[in-house]
Amino acid sequence: MEGVGVRFGRLSALDGVDLKLRPNSVTGLIGPNGAGKTTAVNVLTGFQKPTSGKIFLGSQELTGHTPEEFARQGVTRSFQSGRLFSKLSVIDNVASAAIGIRRLGRTKAREHAYGILEWIGCADVASAFAGTLPHGVQQRVGLARAIAGFPSFILLDEPAAGLGRTDCDGLIALIQKIPSKFECGVLLIEHNMTVIMNACSSIVVFAGGRRIAEGTPAEVAHDAEVRRAYLGSANEQTMAI
Amino acid sequence: MKNNRFVSSIPGDTWLLPSALAIPLGVVAVGVQYFGPPTIAVTVTEIYIRLVAALAIYMFSSNTGIISYGHVAFMGIGAYASAWQTCCVMMKPITMHGLPAFLKTANFPVVPSAIAAGVLAAVVALVASLVIMRLNSIAAAIATFALLFIFQSVYGHWDSVTMGVSTMIGLPQYVTPVHVWIWVAIAILVAFILQNSSIGLMLRASRDEHTAARACGARILKYRVIAFTISAFFAGIAGVMLGHRIGTISVATFHLDLTFLLLAMVVVGGLRSLSGVVLGVIIVSVIMEVLRLFQGGVSIGGQIVSLPAGSVQIGIALVMILVLRFRPDGIAKGLEFDVKRWLGRSSDEVALRRSDSGSSAAE
């Protein structure tokens, strides 16, 4: 996305931000609360129309398209709060992405979905209603649903939020394998610095609706402005946890 | 609590569930039509007509999660459309002089007329849904309610075509239990196919999580319009059956009383399964008939016991409230009859059965 700005009334959530996702790699997006990370995901999936700026997928401009069109063009996402279809079975949750995006038939979509659930380690709950699952499993199913739509880019909005250490490590290990396994680029929003440093090949840092740094994990970790942004909001971070 | 008679809806055993629901109803229809007393035949016919109407509401509301208060309007549209084609050829030029010439001077066979009437209801629904289905949940439900009042107003005042609020008499009374049952069977089949189709799945996804469904590429408006249009066709058919059962129609028939009754049936049985809606119609109808009997006065041990007028409505309302309080997902709890289990077949979908069907997900 190029020079994207989003304003909610007088509040500027994103202010002329450039963000480029690389195919077949995991890009991390970090920043203090209110930095505009989720807004960026919303813009990149059509849920939020930018006030200014443009969005491209390859050479194709997608600015102003609906979320359905973004999904069908190959940009899928997960949600911070999971947002599973609670009264559908897990397998139908995942299959629905393949049906909605690729128009697969029900049987083919379910086979496709089952494969992804096996890979992600949730095949044993395929027939359970999604709403009855524990939080950690729901996050995984949300990830599976984002993968099932044959995406070229997957945007993950804090998939590890609220997970215990073991669950979290397992999930991150899976996310790292997504680019090679499913041939797509990943944007990972995450608060946990250890996680993001290990999982991503490059990292973008937002603060106050602007991009303040970009680079390899090592470069970003030593960037003076990033340290200032994080130290400046250290109290807020603690409280958010 | 285990409840083994029901399993969550499973595609694959395509013909078993609709067959298990439709065939017993068909046996009953044949039985009462050819061997039963006429009063029972009338009662069964009425129950089956309500079943077609409730199935129509179910087709739309269960998949979309939007309660429709407007389907009775489509019943009215169907009933009038069929009357225009089949009723009282001698009187039509005078009482309904605003009708187009081809309707005014001729009558058509009843079955094609019924289908044409259903199609008219569907076309009206198609146009209306292009606007209404852009709304969500409560707003959409209220908009369907508005449809009912638009219908009431238009048909109640369009004297030259509908005879206004007057009762139209002389519709051919061709409706028998078996005749309605054929429509019941078709409606069960269509509802089953719809809920197991891709459209049904995507609609139920959007029902649970509108935002996430869009992220899955669901064209929610399009799917809702399709479901609403199909369901309005069957509502139209139910209206046709109702008109031709009694032989008379008036706009007052297609108003709040009938809307309430049908919604009570759908709620009592459970909006989330086909088995539930069939059960709901039968149970509420039976309660209604019993109360109606007592309202008329029953002799018990030499004493005449009779309930005050209006007891039927109050009884149904109470049943509905009790079900909402103690079994909010309806009597069937959103699950379907486990037909294969009854037939004693071990089936490969055992893995798909809910381990604990008693605990429904918290809303």
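Keep in mind it's a predicted model, so treat the numbers as computed, not measured.

Definitions and cut-offs
Residues numbered from 1 in each chain as written. Chains lettered and ligands numbered in written order. Predicted model: local features only at pLDDT ≥ 70, side-chain atom pairs only at ≥ 80, totals over all residues. Helix = DSSP H or I, 4+ residues; strand = E, 2+ residues; numbered from the N terminus. Rg over C-alpha atoms; globule rule 2.2 N^0.38 Å. Buried ≥ 20, exposed ≤ 12 C-beta atoms within 10 Å, placed from the backbone. Contact = placed C-beta atoms within 7 Å. Pairing = 2+ DSSP bridges. Axes fitted to C-alpha atoms, helices over the stretch in contact; angles between N-to-C directions. Parallel < 35°, antiparallel > 145°, perpendicular 65-115°, else oblique. Nonpolar A, V, L, I, M, F, W, Y, C, P; charged D, E, K, R; others polar. Domains from an automatic or database assignment. Core = buried A, V, L, I, M, F, W, Y, C linked by C-beta atoms within 7 Å. Expected span 1.5 Å × (residues − 1). Left-handed = near helix turned anticlockwise from the far one by under 90°. pLDDT = per-residue confidence, 0-100.

> I'd love a proper account of the overall build of chain A, names of residues and values included.
For chain A, the helix and strand inventory stands at 10 helices and 11 strands. In terms of overall size, chain A behaves like a compact globule, its C-alpha atoms giving a radius of gyration of 17 Å where 241 residues would be expected to give roughly 18 Å. Projected onto its principal axes, the C-alpha coordinates of chain A cover approximately 50 × 40 × 35 Å. The buried share of chain A, taken over its 241 residues, is 49%. Of the contacts made within chain A by residues no fewer than 6 positions apart, 63% connect residues no fewer than 24 positions apart.

> Can you break down the sheet that holds strand 10 (residues 202–207) of chain A residue by residue, with the values?
Residues and elements named next belong to chain A. Taken in spatial order, the six strands make up an open sheet running 7-8-9-3-10-11, and their pairing is mixed. Strand pairing shows two members of the sheet lacking a second neighbour, strand 7 (75–77) and strand 11 (210–215), which therefore form its edges. Between one strand and the next, the sheet's axes are offset by a mean angle of 20°, whatever the strand orientation. Note: strand 3 (residues 26–30) against strand 9 (residues 185–189), four bridges, orientation parallel. If you follow Val26 over to strand 9, its bridge partner there is Val186. The sheet contacts of helix 1 (residues 37–44) involve strand 3, strand 7, strand 8 (153–157), strand 9 and strand 10, and relative to strand 8 the element is tilted by about 150°. The sheet contacts of helix 6 (residues 165–182) involve strand 3, strand 8 and strand 9, and relative to strand 9 the element is tilted by about 160°.

> Describe the packing of helix 3 (residues 71–86) of chain B against helix 7 (residues 137–157) of chain B, and please don't skip the residues or the numbers.
Residue and element names in this part refer to chain B. Closest axis-to-axis distance for the helix 3/helix 7 pair is 8 Å, and the angle between their directions is 30°. Here helix 3 is positioned roughly parallel relative to helix 7, judged by the angle of their axes. Counted together, Val72, Ala73, Gly76, Ile77 and Tyr80 of helix 3 and Leu147, Leu148, Phe151 and Tyr155 of helix 7 form the full contact between these two elements. Grouping the amino acids of the contact of helix 3 with helix 7 by side-chain chemistry returns eight nonpolar, one polar and no charged.

> Describe the interface of chain A and chain B, and please don't skip the residues or the numbers.
Between chain A and chain B, the contact holds 27 residues from the first and 19 residues from the second. Within the residue set of the side of chain A that touches chain B, elements represented by two or more residues are helix 2 (67–73), strand 7 and helix 3 (90–102) of chain A.

> Please provide a residue-by-residue account of the domain arrangement of chain A, values included.
Residues and elements named next belong to chain A. As far as domains go, chain A holds domain 1 (23–74 + 151–241) and domain 2 (81–150). Taking only C-alpha atoms, the centre of domain 1 and the centre of domain 2 are 22 Å apart. Counting residues per element, the ones that place at least two in the side of domain 1 that touches domain 2 are helix 2, strand 8 and helix 6. Ranked by residue count, the leading element in the side of domain 1 that touches domain 2 is helix 6, at five residues. Here the side of domain 1 that touches domain 2 is composed, by residue class, of 10 nonpolar, one polar and two charged.

> Please set out the pairing of strand 3 of chain A residue by residue, giving values where relevant.
Residues and elements named next belong to chain A. Along strand 3, five of the five residues are buried, which leaves the element largely enclosed by surrounding structure. Here strand 3 shows two buried faces, one formed by Val26, Gly28 and Ile30 and the other by Thr27 and Leu29. When strand 3 meets strand 10, the two strands line up parallel, connected through four bridges. By the bridge assignment, Ile30 is partnered in strand 10 with Val205.

> Any chance you could break down the nonpolar core for me, citing the residues and the numbers?
Residues and elements named next belong to chain B. With 194 residues, the main nonpolar core has Val52, Leu55 and Val184 as its most contacted residues. The leading source of residues in this core is helix 12 (residues 220–246), at 16 residues. With near-sequence residues (within four places) excluded, Leu55 lies in contact with Ala187, Ile188, Ala191, Phe234 and Val277.

> Tell me about unusual backbone geometry, residues and numbers included.
Residues and elements named next belong to chain A. The backbone of Arg103 sits at a positive phi, close to 55°, despite the residue not being glycine. For Arg103, the position within the fold is in the loop between helix 3 and helix 4 (106–120). The phi dihedral of Glu158 is positive, around 50°, even though this residue is not glycine. When you line up the elements, Glu158 lands in the loop between strand 8 and helix 6.

> Requested: an account of helix 13 (residues 256–269) of chain B, with residues and values cited.
Residue and element names in this part refer to chain B. Helix length check: helix 13 (14 residues) gives 20 Å between terminal C-alpha atoms against 20 Å at 1.5 Å per residue, within 8%. Within helix 13, 11 of the 14 residues are buried, which leaves it mostly tucked inside the rest of the structure. Considered for burial, the residues of helix 13 that qualify are Leu258, Thr259, Leu261, Leu262, Leu263, Ala264, Met265, Val266, Val267, Val268 and Gly269. Taken together, the buried residues of helix 13 touch helix 2 (38–64), helix 3, helix 7, helix 14 (274–296) and helix 15 (311–326). Of the residues flanking the end of helix 13, it is Gly270, one or two places downstream, whose phi is positive at about 115°.

> Please set out the packing of helix 3 of chain A against helix 5 (residues 135–148) of chain A residue by residue, giving values where relevant.
Residue and element names in this part refer to chain A. Contact geometry of helix 3 with helix 5 gives a least axis separation of 7 Å together with a crossing angle of 25°. When the axis of helix 3 is compared with that of helix 5, the two are roughly parallel. Where helix 3 crosses over helix 5, the two elements pack in a sense that is right-handed. Contact residues: helix 3 offers Val90, Asn93, Val94, Ala95, Ala97 and Ala98, while helix 5 offers Val141, Ala144, Arg145 and Ala148. When its residues are assigned to classes, the contact of helix 3 with helix 5 shows eight nonpolar, one polar and one charged.

> Describe the environment of Ala56 of chain B, naming the residues involved and giving the relevant values.
Residues and elements named next belong to chain B. With respect to the helices, strands and loops of the structure, Ala56 is situated in helix 2. Take Ala56: there are 31 C-beta atoms within 10 Å of it, and that puts it in the buried class. Separated by 182 residues in sequence, Ala56 and Ala238 have C-alpha atoms that sit 8.6 Å apart. Residues contacting Ala56, with those up to four places away along its chain left out, are His71, Ala187, Ser231, Phe234, Ala235 and Ala238.

> Residue-level account of the pairing of strand 11 of chain A, with values.
All names here are of chain A. Of the strand pairs in this sheet, strand 10 and strand 11 are connected by five bridges, and their pairing is antiparallel. Its bridge partner being in strand 11, Val204 is matched across the sheet by Glu214. Linking strand 10 to strand 11, which pair antiparallel, is a turn of two residues; within it Gly208 sits at a positive phi near 55°.

> Let's hear about the confidence of the model for chain A: which residues, and what values?
Mean pLDDT over chain A works out to 84, with 90% of the residues at or above the 70 mark. This model gives residues 233–241 of chain A a pLDDT under 50, and the stretch forms five contacts once residues within four places in sequence are excluded.

> Pulling in residues and values, what's your account of helix 1 (residues 16–35) of chain B?
Helix length check: helix 1 of chain B, at 20 residues, gives a terminal C-alpha distance of 28 Å against a target of 28 Å (1.5 Å per residue), a fit within 8%. Residues Leu17, Pro18, Ala20, Leu21, Ala22, Leu25, Ala29 and Val32 of chain B constitute the buried set of helix 1 of chain B.

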